[in-house]
Number of protein chains: 2
Amino acid sequence: MIHIYLDAMGGDDAPNCTIQGALEALRNDPELEVTLGGPIGEIEPLLKECDDVRSRIHLDDAPEVITNHDAPVMAIRQKKNSAQVRGMLMLKENAVDGFVSAGSTGATLAGGMFRLGRIDGVERPALAPLLPNGKGFFCLIDCGANVDCLPQYLPQFGVMGAAYLRCVQNMENPRVGLVNIGAETEKGNALAKAAYPLMEQAPFHFIGNVEGRDITADVADVVVCDGFSGNLILKFMEGVAGTLMGIIKKEMMADTRGKIAGLIAKPAFRRVKKTMDYTEVGGAPLLGVKGVVVKAHGSSNAHAIACAIRQAALMKRRGLVDAIEKEITKQLKED
Amino acid sequence: MIHIYLDAMGGDDAPNCTIQGALEALRNDPELEVTLGGPIGEIEPLLKECDDVRSRIHLDDAPEVITNHDAPVMAIRQKKNSAQVRGMLMLKENAVDGFVSAGSTGATLAGGMFRLGRIDGVERPALAPLLPNGKGFFCLIDCGANVDCLPQYLPQFGVMGAAYLRCVQNMENPRVGLVNIGAETEKGNALAKAAYPLMEQAPFHFIGNVEGRDITADVADVVVCDGFSGNLILKFMEGVAGTLMGIIKKEMMADTRGKIAGLIAKPAFRRVKKTMDYTEVGGAPLLGVKGVVVKAHGSSNAHAIACAIRQAALMKRRGLVDAIEKEITKQLKED
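Fair warning: this is a prediction, and the values are worked out from it, not measured in the lab.

*Asks:* Hey, could you run me through the side chain of asparagine 146 of chain A in this one?
*Replies:* Residue and element names in this part refer to chain A. Counting through the fold element by element, asparagine 146 comes out in the loop between strand E7 (137-141) and helix H6 (153-168). Overall, the relative accessible area of 8% leaves asparagine 146 in the buried class. In terms of polar contacts, asparagine 146 uses its side chain to reach the backbone carbonyl oxygen of proline 125, at 2.9 Å. Each residue touching asparagine 146, except ones within four places of it in the same chain, is listed here: Arg124, Pro125, Ala126, Phe157, Asp226, Gly227 and Phe228.

In structure tokens:
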């Protein structure tokens, strides 16, 4: 059995969609148990029509709720009866096998850092979502955990991202690239310039710099950058895709020809949407902490929550945390 | 008459497309003169079928060509008979009214900085292209001139970007935003956090932080960031748009329905392409130097070159350099 702790109050549509997501995940995986963490009085009444999986649902009363308005580090320190704190402590004590939240990213990070703790040798844990590039997915690391980075963090992001793809996505020799503003070695800001030679020495298949226009061109499987750039990339990708789809829709609705084409092309556009939907592969794992932690998108629907739970279970089954620990130890020895 | 110096050897398809672009610009604007700078022996034979505008074309023999492989600052120092050096010096002496190049960005920057010079009070000149957001255009500044920025550069970018939109695009009160990873004031990396209060005090309409997903959502007219982030945004926008259009094409070609829809929707997709085509508004002006300098995209076709020349002429006619000088003086007095 794999046992995942779910922050039941995290996310825009919580606790309704978190509970529905948990039920979906449990129905798809008979070897799964889920603990729902949150104010029990709010959660229990919503557990309806789930007799088929009810025996694999546990409730953990966490009456204190951390919202996006709370200062994360302070909240983790003070709200000891929140799902973020209780879940991370249960994970630390091996009472559960993974933690999933669609709530405050900052609280998940702070909980991971200060309640669960880092893997020995890891300088900074990092968020590593998989994003679509048309051919498949690439791992973007870090996408927001570390907005100011020292050069030596970046090769570790590469090590962790490559371990993730090898371990969980069965990719043999992931190509690791460094986000930069030119393809040439000597290009970049101070951080990228200092990180480049460290990336060359790191124990992964380093393919050099990746420019903005190549990030979604399937030239690298692991795209490494500081958390400021990564967050910009993550959100800008959503923004550009949304804006472009909006323009296409507007232009197709502008005349009868376009309207007819739009109707006929509906299945094709549905497939496009599916290709671009990165919630299918789960949320963003927080790599580098001593346990399986997945941060799902705040706007996750029930299916996205189910995917994040499935992903956390897979990370545990494949032994990702041990794999990262091994790789980081190897990297430190080589240095 | 407005007189623009064009780096005839700059760009992927130079000198053919630069010359064709110059001819298009001259034919569209009877009050325009163009000097073509480059090896005269290569340029002159290409000047065919242009008797109608030949009297407004001048040739400046610049036998030394700076390529993308040259180290920019070194090239500007050593290749004194290059179009970049000769053009910038002519601009400085008011022998021409503007300089346009689709060649090495670094050489244009170095030429602007060291041969032409900064406007008094400007800390760092910056590249400021206009990019499409579906509703119109926004000015992204800096998009690559300054990869490492001090906080005080950013409000100046805002001042220059706003002056550009006011002066050349007739926008009354441009909304200026700061690229950041959250909407809240306290979010960001060290640079963004330090720049925020300076942006609040600056003499423009500051609307606060702009997240990645809002950059193309028409919430700000001037989008301010360091040159590393800006270059990432510029190129990633191209990349995501290209990838998404590729996915759409692939999915529409995947079945007969989609193929038919694609044929019917052709005019709509042509309009989408036109909406997204930012070469129509010209290249990226280098704001903050003592003269009109426009960097066109390296892959510019003849029409894009013509647009960049038209844009440079407009910047001169509207007195943009004086306007920026005035605004920067005002900002410094308020400090």
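*Asks:* Explain the state of the cysteines here, please?
*Replies:* Disulfides are covalent bonds that link the sulfur atoms of two cysteine residues. All names here are of chain A. For the coordinates displayed, the defined rule picks out 0 disulfides over all chains. Distance from the sulfur of cysteine 149, which forms no disulfide, to the nearest cysteine sulfur (cysteine 225) is 8.3 Å. The exposure class of cysteine 149 is buried, given its relative accessible area of 15%. Note on cysteine 225: no disulfide assigned, nearest cysteine sulfur contributed by cysteine 143 at a separation of 8.3 Å. Given the relative accessible area of 2%, cysteine 225 is considered buried.

*Asks:* Just checking my understanding: could you explain the sheet that holds strand E9 (residues 205-210) of chain B for this structure?
*Replies:* Sheet strands associate in pairs through backbone hydrogen bonding, adopting either a parallel or an antiparallel arrangement. Residue and element names in this part refer to chain B. Pairing in this open sheet of 5 strands is mixed, and the strands run E6-E7-E10-E8-E9 from one edge to the other. The two strands at the open ends of the sheet, each matched to only one other strand, are strand E6 (130-132) and E9. On average, each strand axis in the sheet is inclined to that of its neighbour by 30°, with strand direction left out of account. When E6 meets strand E7 (residues 137-141), the two strands line up antiparallel, connected through 3 bridges. Bridged to proline 132 within E7 is phenylalanine 137.

*Asks:* Help me understand the interface of chain B and chain A, please; the structure alone is not making it clear to me.
*Replies:* Buried accessible area, meaning the area lost when the parts come together, often serves as the stated size of an interface. Chain B puts 52 residues into the contact, and the matching count from chain A is 52 residues. Summed over both sides, the interface of chain B with chain A buries roughly 4,800 Å², with 70% coming from carbon and sulfur. Together, Ile181, Phe228 and Phe236 of chain B form the three largest contributors to the area buried by chain B at its contact with chain A, with a combined 15%. Here lysine 235 of chain B makes a salt bridge to glutamate 211 of chain A, at a shortest N to O gap of 2.4 Å. Linking chain B with chain A are 18 residue pairs in polar contact (both at pLDDT 80 or more). If you list the elements that add at least two residues to the side of chain B that touches chain A, you get helix H7 (190-201), helix H8 (227-252), helix H9 (256-264) and helix H10 (266-276) of chain B. Looking at the side of chain B that touches chain A, the element that brings in the most residues is H8 of chain B, giving 20 residues. Residues belonging to the side of chain B that touches chain A are distributed by class as follows: 29 nonpolar, 13 polar and 10 charged.

*Asks:* Would you explain a positive patch on the surface in this entry?
*Replies:* Together, Lys249, Lys266 and Arg270 of chain A together with Arg257 of chain B line one region of the surface with positive charge. Within the fold, lysine 249 of chain A resides in helix H8 (residues 227-252).

*Asks:* What is the right way to look at the environment of threonine 35 of chain A in this model?
*Replies:* Residue and element names in this part refer to chain A. By the secondary structure assignment, threonine 35 is in strand E2 (residues 32-38). When its relative accessible area of 3% is taken as the criterion, threonine 35 is described as buried. Sequence separation between threonine 35 and asparagine 16 is 19 residues, and the spatial gap between their C-alpha atoms is 15 Å. Once residues within four sequence positions are removed from consideration, threonine 35 is found in contact with His3, Ile4, Tyr5, Leu6, His58 and Asp60.

*Asks:* How should I be thinking about the nonpolar core in this particular structure?
*Replies:* Generally speaking, soluble globular proteins have nonpolar side chains that are buried together. Grouped together as the largest cluster of nonpolar side chains are 71 residues, with contacts concentrated most on Leu36, Ile141 and Leu154 of chain B. Looking at this core element by element, the count peaks at 11 residues for helix H6 (residues 153-168) of chain B. In this structure isoleucine 141 of chain B touches Ala126, Leu127, Ala128, Phe157, Met160, Gly161, Val222, Val223, Val224, Cys225 and Leu287 of chain B, once residues within four positions along its chain are discounted. The next biggest cluster of nonpolar side chains, apart from the first, holds 69 residues, and it includes Val159, Tyr196 and Met315 of chain A together with Phe228 of chain B.

*Asks:* What's the story with helix H11 (residues 302-317) of chain A in this structure? I'm lost.
*Replies:* Since the α-helix advances by 3.6 residues per turn, residues separated by three or four positions end up pointing in the same direction. All names here are of chain A. Between its first and last C-alpha atoms H11 spans 23 Å; for 16 residues at 1.5 Å apiece the expected length is 22 Å, and the two agree. Among all positions in H11, only Ala304, Ile305, Ala306, Cys307, Ala308, Ile309, Gln311, Ala312, Ala313 and Met315 are buried. For H11, the N-terminal cap is asparagine 301; the gap from its side-chain oxygen to the backbone nitrogen of histidine 303 is 3.3 Å. One or two steps after H11, the chain reaches glycine 319, where phi turns positive at roughly 70°.

Conventions adopted
Residues numbered from 1 in each chain as written. Chains lettered and ligands numbered in written order. Predicted model: local features only at pLDDT ≥ 70, side-chain atom pairs only at ≥ 80, totals over all residues. Heavy atoms only, no water. Helix = DSSP H or I, 4+ residues; strand = E, 2+ residues; numbered from the N terminus. Buried < 20%, exposed > 50% of the residue type's maximum accessible area, 1.4 Å probe, protein only. Polar contact = N/O pair within 3.5 Å; in protein donor to acceptor, adjacent residues only side chain to side chain. Contact = heavy atoms within 4.5 Å. Disulfide = S-S within 2.5 Å. Pairing = 2+ DSSP bridges. Axes fitted to C-alpha atoms, helices over the stretch in contact; angles between N-to-C directions. Buried area = accessible area lost by both parts, 1.4 Å probe. Salt bridge = Lys/Arg side-chain N within 4 Å of Asp/Glu carboxyl O. Nonpolar A, V, L, I, M, F, W, Y, C, P; charged D, E, K, R; others polar. Patch = residues over 30% accessible without salt bridge, like charges linked within 9 Å, V, L, I, M, F, W, Y side chains within 5 Å. Areas by Shrake-Rupley, 256 points an atom, 1.4 Å probe, with all protein chains shown as cover. Lys, Arg positive; Asp, Glu negative; His and termini not counted. Charge placed at Lys NZ, Arg CZ, Asp CG, Glu CD. Core = buried A, V, L, I, M, F, W, Y, C linked by side-chain atoms within 4.5 Å. Expected span 1.5 Å × (residues − 1).

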